[in-house]
Amino acid sequence: MRRLLILIILFSPALAFAGSEMITGKATPQEVHTKVVEAAQYLSTTGKSGLKEFRMPAGKFVWKNAHVWVTQCEKNFCLPSPKSKDIGLSLSKMKCYKTGKFYILDLCSDAMYNPKGAWIEYWFPKPGYDKPQRKISFMMPVPGMTYQVVSGIYDESTTMEELKRIANLK
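Summarised in this report is the structure supplied together with it. Just so it is clear, the structure is predicted and the values come from calculations on it, not from any experiment.

1. Observations concerning the nonpolar core
- One finds L43, F54, V68, V70, W119, F138 and V149 to be the most contacted residues of the largest nonpolar core, which totals 25 residues.
- Counting only elements with at least two residues in this core, the list comes to α3 (29–46), β6 (133–141) and β7 (148–154).
- With 5 residues, the top contributor of residues to this core is α3.
- Counting residues in each nonpolar core, the second largest holds 17 residues, with M94, Y103, I104 and I120 among its members.

2. Describing the state of the cysteines
- Counted by the stated rule, this structure contains 1 disulfide.
- The disulfide that involves C73 links it to C108, with 1.9 Å between the sulfurs. Negative torsions about the S-S bond denote left-handed disulfides, and the value of about -75° found for C73 with C108 makes this one left-handed. Of this pair, C73 sits in the loop between β3 (69–72) and β4 (77–78) while C108 is found in helix α4 (residues 103–111), placing the two residues 35 residues apart along the sequence.
- Residue classification places C73 among the buried residues on the basis of a relative accessible area of 10%.

3. Structural notes on α4
- Buried within α4 we find Y103, I104, L107, C108 and A111. For α4, the buried positions fall inside an angular range of 140° around the axis, keeping them on one side.
- The inward-facing, buried residues of α4 contact β3, β5 (118–124), β6 and β7.

4. A word on α3
- Compared with an ideal rise of 1.5 Å per residue, which puts 18 residues at 26 Å, α3 spans 26 Å between its outermost C-alpha atoms and is within 8% of the ideal.
- Those residues of α3 lying buried are P29, V32, H33, K35, V36, A39, A40 and L43.
- Tucked into the core, α3 has its buried residues touching β1 (62–63), β3, β5, β6, β7 and α5 (160–166).

Procedures and definitions
Residues numbered from 1 in each chain as written. Predicted model: local features only at pLDDT ≥ 70, side-chain atom pairs only at ≥ 80, totals over all residues. Heavy atoms only, no water. Core = buried A, V, L, I, M, F, W, Y, C linked by side-chain atoms within 4.5 Å. Buried < 20%, exposed > 50% of the residue type's maximum accessible area, 1.4 Å probe, protein only. Helix = DSSP H or I, 4+ residues; strand = E, 2+ residues; numbered from the N terminus. Disulfide = S-S within 2.5 Å. Arc of directions from axis to C-beta. Contact = heavy atoms within 4.5 Å. Expected span 1.5 Å × (residues − 1).

And the structure:
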């Protein structure tokens, strides 16, 4: 019993960092695009019953330090996701910390009617930093549904032109 307690004490700090980028890895823009496309196809095939997959913290659309979530741009809100604080969040409350623009609403207007989707960049707080960091997100409409799927990562270097190439956008 005593040894078990010692092991728990020794390994608990490691468990606390198990979700960090150092342990899980850092998602790439290419992975974001691939997962969003996969998510749009999945949801188009499964219909509303497929929404539950996007709520699971260990679901198929959660990887490394990223996840795909579902929005309804027309209704101006986010559906439940692995990040419970986003449930029902109004898209009009998601502002860029540098420009003050409503980045998700801008992304909705670019992506909602474009079957190939759209990228956007914005600045958002990142744990461990004093100033907001650059973040990129890709959104794509779900064929045959009123939903859109989106994912984003912190990325300081990939240009918008490179992102457009990844998604085959012109």
